[in-house]
Amino acid sequence: MKNKHIKQSMPSVIVRNEELLENASLKIEAITDNIIRIHTIPNDKDYSYVSFALDDSLEAKGQFSVSQYNSTITATTDSITVKIKETLEIDIYDKDGNLLCADCKPARQEIDKYTQAEIEQLKQEGHMPDTLDTSFKYKVTKRIIGNEAFYGLGDKTGFLNKRGYEYIMWNSDNPEPHVENTTFSALYKSVPFFIVHHENCTYGIFLDNTYKTYFDLGCLDAGSYSFAVTNGELNYYFIYGKNIKEVIKGYTSLTGRSPLPQLWTLGYHQSRWSYMSDEEVLEVANNFENYNVPCDAIHLDIDYMDQFKVFTSDKERFSDLKQLSSKLDERGIKLVTIIDPGVKAQDGYYIYDEGIAGNHFAKAKDGSVYHNAVWPGDAVFPDFTSFDTRSWWADKTKYLTDNGISGIWNDMNEPASFNGPFPDDVVFAGDGKARLHNEIHNVYGHLMSKATYDGLKKNSQKRPFVITRACYSGSQKYTTVWTGDNQSIWTHLKLAIPQLLNLGLSGLPFAGVDIGGFGANTTPELLSRWIEACCFSPLFRNHSAKLTRRQEPWAFDEATLNIYRKYVKLHYKFIPYLYDLCYEESLTGIPILRPLVMEYENDKNVINCNDEYLVGSSILVAPITDQGAVARSVYLPQGIWIDYNSGKRIKGGRYILYKAPIDVCPIFIKGGSILPVYPDIPNLSHENTQRLIVEFYPSDDTENFNNKTNKSCYYMHYQDNGTDFKYQAGEYNLYKFSFSSNRPNGLKAELTKNGYKNKYKHISAVIK
Ligand code: MIG
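Residues numbered from 1 in each chain as written. Predicted model: local features only at pLDDT ≥ 70, side-chain atom pairs only at ≥ 80, totals over all residues. Heavy atoms only, no water.

A look at the overall build of the chain
Okay, so step 1: Helices and strands together make up the secondary structure of the chain, namely 15 helices and 45 strands.
Okay, so step 2: For the chain, whose C-alpha radius of gyration is 26 Å, the value lies close to the compact-globule estimate of 27 Å for 768 residues.
Okay, so step 3: Considering only C-alpha atoms, the chain reaches an extent of 70 × 70 × 50 Å along its principal axes.
Okay, so step 4: Out of the 768 residues belonging to the chain, those deemed buried represent 62%.
Okay, so step 5: Excluding contacts between residues fewer than 6 apart, the proportion of contacts in the chain whose partners are at least 24 apart in sequence is 68%.
Okay, so step 6: In the structure as shown, the chain presents an accessible area of about 29500 Å², 48% of it carried by carbon and sulfur atoms. (Helix = DSSP H or I, 4+ residues; strand = E, 2+ residues; numbered from the N terminus. Rg over C-alpha atoms; globule rule 2.2 N^0.38 Å. Buried < 20%, exposed > 50% of the residue type's maximum accessible area, 1.4 Å probe, protein only. Contact = heavy atoms within 4.5 Å. Areas by Shrake-Rupley, 256 points an atom, 1.4 Å probe, with all protein chains shown as cover.)

Have a look at this one:
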């Protein structure tokens, strides 16, 4: 892009077109050389924008060289060129002048318009969800240039590749859209970020606007995609990257990364709505021991509370929570409790009284405290936009940490409400600016998670373990997520794979689905396939609803228990590897579970791969997710793959037919991989995690081991105390493992960082 008339270098360009943009201008900023922010700025002097997703105030660190030719402004960074036309349309090119992304006029301008009366009628018969509202304030349409695939958007249903579908961001406690039909669907989470990937380029779009937003990825018009906001400003980032990983690094450099978790959180969690008494919880714990199934956590659902009042417990059912948690602790099991945002409106209840006195609750339009109903009945809702309210809530978590609770599971924070949805004009005035519900709705769960994170950190000094149902971009800094109320049906098992992969691609790597399915009755076969399919899931929890049959591992027959145990043990075996991937993720944002396309970008066979995934880059899992199936086709990318079940070497770059009876999950290890594993352990207590085994999977199983591919392999392994923040002061170790011969004692373990004194008591090696 040579141009003689370079005017100057600057971090941003502001353009105006009063016909198109009456009271605002468009600001194009070089956040870095690869990240461009495009933002409408109202011509109102008081305007300032604080993002809920970004923790730190954003500084533009990039530089544009700007020139103008006719009415087109060209702004170039070291890696991309942005052309801004008089029409305010923006085209972006790479360094070599290839078009990456171009605004366009949609071929089909608008979706069909309906009158209010028609809409009401359609709603009555359930044709139109409450979430629909097509009065867009700004809509951007961009050309689909070739065979783009679209990934991300957080927790949306359907397939890995979102092309051809449309989505709404409006956090909803409505499990119905948990189906393949995505028309106007909204689920619990809003992560308005997606990745556009095709042969020649990859980039991401992050629409940082918390109001209801819409995404159409080539649905109404196959030749374009669009995104639209219903209120607030247009504020999006174009994130350029060489590949998908670079785009995710860029996105998470803005919105943050999941910090290192406590080690035990990667273990197995057992939940049920609800375990009703301390005896029942102890019995569940005993069963894990008796049946030899590893377990690190048991979850208490809403019935542990006194009349569903948060930060209380029912003394009849749970006479002494602290004693219960210490009894569990002796067995190496942690207790996690649910907390909902709704506070029972009852004089004399300390949380309600304190909240009223401290002005902590959201207000109705007339200034009175806003009421709706949730589990405790008449309820009021903390205004988490307020720093004071978040600190207050954070302090309240002390009730739980004092009782030995190790993690908090935040539910109902869309926010869900039983007496109809919150009206748009409920006021959240907490941060000094009166914001309305339509702006805060999508970040309510995000802010609640932040408060919970801060509370656990302050009260326990440990790395907080939070799970949330609702969230927004950036929530990964505070919380893990689960995908809400799935059902014990095969299609939901199938869905779990693209769902978890897209969450990871959207910056939320520590995710899980309810194993076995939440609603409806699971079957032995379904539960078996579920534990197999999710055996590497970072959040590894079995949970089920009231009125459904029990689905703990022993709730069926011996054969099911054996399969279940086998896969829980497999998960535990690979936890050192999962923890290494958490470490990598905390530095880069690159997820733990990866779609094949992330590692094999130029392989056309994996663009739409919904039914296989990679764990890091070394393990490929191709689970069975069809009732009755005992074999499936598996695509193995280029290279040598070792069948984990038989040890056989298989040449990739092709499809194979794999036999997988009910107790077999097809798992393959990439040839040349070195993987750190644990021996058979019942939980992740300190004593159990002192021995490490280093497995080596040479591509070649013959004596001719020292071939080129194997020689260059090494693996970096991370170790710390797995609990607190001392690693931030350098208390961790990094081991570099390599093999110099095909004998197990050929393992070479170099300590490249020596900061944590509790080294492994024993490291051994196995060649596979
Ligand atoms: O309205 O706390 O998604 O996991 O078991 C139901 C009871 C409320 C919904 C959660 C589910 C939990 C249930 N909750």
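Text resumes after the structure shown.
Description of the packing of aromatic side chains
Okay, so step 1: If you walk through the whole model with that rule in mind, you get 49 aromatic pairs.
Okay, so step 2: Where Tyr-583 meets Tyr-732, the ring centres are 6.3 Å apart and the plane angle is 45 degrees; that geometry is what we call tilted. Placement of Tyr-583 in helix α13 (residues 575–588) and of Tyr-732 in the loop between β42 (714–719) and β43 (733–739) is noted, with a sequence separation of 149 residues between them.
Okay, so step 3: By relative accessible area, Tyr-583 is classed as buried at 18%.
Okay, so step 4: Clustering of aromatic rings is evident, with ring pairs tying together Phe-311, Tyr-352, Phe-361, Phe-384, Trp-392, Trp-393, Phe-428 and Tyr-444.
Okay, so step 5: The lysine or arginine in question, Arg-541, covers the ring of Trp-482, its NZ or CZ lying 5.3 Å from the ring centre. (Phe/Tyr/Trp six-rings, centres within 6.5 Å; stacked < 30°, edge-to-face > 60°. Lys NZ or Arg CZ within 6 Å of the ring centre and 35° of its normal.)

Here we look at the site of the ligand
Okay, so step 1: Lining the immediate surroundings of the ligand are 13 residues, of which Asp-301, Asp-411, Arg-469, Asp-485 and His-543 lie closest.
Okay, so step 2: In this structure, an oxygen atom belonging to the ligand sits 2.5 Å away from a side-chain N or O atom of Asp-301.
Okay, so step 3: A distance of 2.4 Å is found between an oxygen atom of the ligand and a side-chain nitrogen or oxygen belonging to Asp-485.
Okay, so step 4: For the ligand, the accessible surface in isolation is 350 Å², of which the surrounding protein chains cover 94%. (Near = heavy atom within 4 Å. Polar contact = N/O pair within 3.5 Å; in protein donor to acceptor, adjacent residues only side chain to side chain.)

A few points about the pattern of salt bridges
Okay, so step 1: As enumerated under the stated definition, the model contains 35 salt bridges in all.
Okay, so step 2: Notably, a salt bridge pairs Asp-514 with Arg-541, separated by 3.0 Å at the nearest N-O pair. With Asp-514 in strand β30 (residues 514–515) and Arg-541 in strand β31 (residues 540–542), the pair connects residues that are 27 residues apart, well separated along the chain.
Okay, so step 3: For Arg-594, the salt bridge goes to Glu-584, with nearest N and O atoms at 3.3 Å. Pair noted here: Arg-594 is in strand β32 (residues 593–594) and Glu-584 is in helix α13, with a separation of 10 residues, a long-range link.
Okay, so step 4: Of the residues examined, Arg-594 reaches a relative accessible area of 2% and is grouped as buried.
Okay, so step 5: Using a relative accessible area of 30% as the deciding quantity, one classes Glu-584 as partly exposed.
Okay, so step 6: Salt bridges sharing common partners tie together Asp-173, Asp-411, Glu-414 and Arg-469. (Salt bridge = Lys/Arg side-chain N within 4 Å of Asp/Glu carboxyl O.)

Quick word on the nonpolar core
Okay, so step 1: Core analysis: the biggest nonpolar cluster contains 189 residues, and Ile-298, Trp-393, Phe-536, Val-615 and Ile-619 have the highest contact counts within it.
Okay, so step 2: When residues in this core are grouped by element, the largest group, eight residues, is from helix α10 (residues 490–505).
Okay, so step 3: Ignoring anything within four residues of it in the chain, the contact list for Ile-619 reads Phe-536, Phe-574, Tyr-577, Tyr-613, Leu-614, Ile-667, Phe-668, Ile-669 and Leu-675.
Okay, so step 4: Counting 44 residues, the second-largest nonpolar core is a separate cluster that includes Val-82, Tyr-203, Phe-215 and Leu-234. (Core = buried A, V, L, I, M, F, W, Y, C linked by side-chain atoms within 4.5 Å.)

Some points on the sheet that holds strand β41 (residues 691–697)
Okay, so step 1: One open sheet accounts for three strands, arranged β40-β41-β45; its pairing is mixed. If you trace the sheet from one side to the other, it starts and ends with β40 (673–677) and β45 (762–767), each paired once. Averaged over all pairs of adjacent strands, the angle between strand axes in this sheet comes to 20 degrees, irrespective of strand direction.
Okay, so step 2: Summarising the sheet, β40 and β41 pair through five bridges and their orientation is antiparallel. Looking at β41, one finds that Pro-676 is bridged to Val-694.
Okay, so step 3: The strands touched by α13 are β40 and β41; relative to β40, the strand with the most contacts, the crossing angle is about 105 degrees. (Pairing = 2+ DSSP bridges. Axes fitted to C-alpha atoms, helices over the stretch in contact; angles between N-to-C directions.)

Quick look at the sheet that holds strand β37 (residues 649–651)
Okay, so step 1: The sheet built from six strands is open, its strands ordered β32-β33-β34-β39-β36-β37 with antiparallel pairing. At either end of the open sheet lies a strand with only one pairing partner, and these are β32 and β37.
Okay, so step 2: Pairing geometry for β32 and strand β33 (residues 613–615), over two bridges, is antiparallel. Within β33, the residue paired with Leu-593 across the bridge is Val-615.
Okay, so step 3: Set on the sheet, α13 makes contact with β32, β33 and β34 (619–621); between it and β33 the angle comes to about 90 degrees.

Focus: the packing of helix α6 (residues 387–396) against helix α9 (residues 444–460)
Okay, so step 1: Relative orientation of the contacting elements α6 and α9 amounts to 50 degrees, with a least axis distance of 7 Å. If you check the angle between α6 and α9, you find them oblique. Taken as a pair, α6 and α9 cross one another with a handedness that is right-handed. For the pair α6 and α9, contact is made by Arg-390, Trp-393, Ala-394 and Asp-395 and by Leu-447, Met-448, Lys-450, Ala-451, Thr-452, Asp-454, Gly-455, Lys-458 and Asn-459, respectively.
Okay, so step 2: By residue class, the composition of the contact of α6 with α9 is five nonpolar, three polar and five charged. (Parallel < 35°, antiparallel > 145°, perpendicular 65-115°, else oblique. Left-handed = near helix turned anticlockwise from the far one by under 90°. Nonpolar A, V, L, I, M, F, W, Y, C, P; charged D, E, K, R; others polar.)

Regarding α10
Okay, so step 1: Here α10 contains 16 residues, and its C-alpha end-to-end distance of 24 Å stays within 8% of the 22 Å for a straight helix at 1.5 Å per residue.
Okay, so step 2: Where α10 bends most, the angle comes to about 30 degrees, and this point is Ala-496, followed within four residues by the proline Pro-498.
Okay, so step 3: Counting buried positions along α10 yields 14 of 16 residues, so the element is predominantly enclosed.
Okay, so step 4: Directly beyond the C-terminal end of α10, a positive phi value near 90 degrees is found at Gly-507. (Expected span 1.5 Å × (residues − 1). Bend = angle between axes of the 7 residues up to and from the residue.)

What about helix α4 (residues 321–330)?
Okay, so step 1: For α4, the full list of buried residues reads Leu-321, Leu-324, Ser-325 and Leu-328. The buried side chains of α4 occupy one side of the element, clustering within an arc of 95 degrees when seen end-on.
Okay, so step 2: Considering only its buried residues, α4 is in contact with α3 (278–290), β19 (297–300) and β20 (334–339).
Okay, so step 3: The residue sitting at the N-terminus of α4 and contributing the capping side-chain oxygen is Asp-320; that oxygen lies 3.1 Å from the backbone nitrogen of Lys-322.
Okay, so step 4: Gly-332 sits one or two residues past α4 and shows a positive phi near 80 degrees. (Arc of directions from axis to C-beta.)

A few points about the packing of helix α11 (residues 524–533) against helix α12 (residues 558–573)
Okay, so step 1: Contact pair α11 / α12: the axes reach a minimum separation of 9 Å and the direction vectors enclose 10 degrees. As judged from the angle between their axes, α11 and α12 are roughly parallel. Residues Pro-524, Leu-527, Ser-528, Ile-531 and Glu-532 of α11 form the contact with α12, whose participating residues are Thr-560, Ile-563, Tyr-564, Tyr-567 and Val-568.
Okay, so step 2: Partitioned by chemical class, the residues of the contact of α11 with α12 number seven nonpolar, two polar and one charged.

A short note on the environment of Cys-471
Okay, so step 1: Relative to the assigned elements, Cys-471 resides in the loop between β27 (466–468) and β28 (480–482).
Okay, so step 2: Since its relative accessible area comes to 0%, Cys-471 is described here as buried.
Okay, so step 3: Separated by 10 residues in sequence, Cys-471 and Val-481 have C-alpha atoms that sit 8.1 Å apart.

Section: the side chain of Thr-77
Okay, so step 1: Along the polypeptide, Thr-77 turns up in the loop between β6 (72–76) and β7 (80–84).
Okay, so step 2: For Thr-77, the side chain forms a polar contact with the main-chain oxygen of Asp-33, separated by 2.8 Å.

Digging into the environment of Lys-651
Okay, so step 1: Considering the arrangement of structural elements, one finds Lys-651 in strand β37.
Okay, so step 2: Sequence-wise, Lys-651 and Phe-418 are 233 residues apart; in three dimensions their C-alpha atoms are separated by 55 Å.
Okay, so step 3: Sequence-distant contacts of Lys-651, defined by excluding residues within four places in its chain, comprise Gly-639 and Ile-640.

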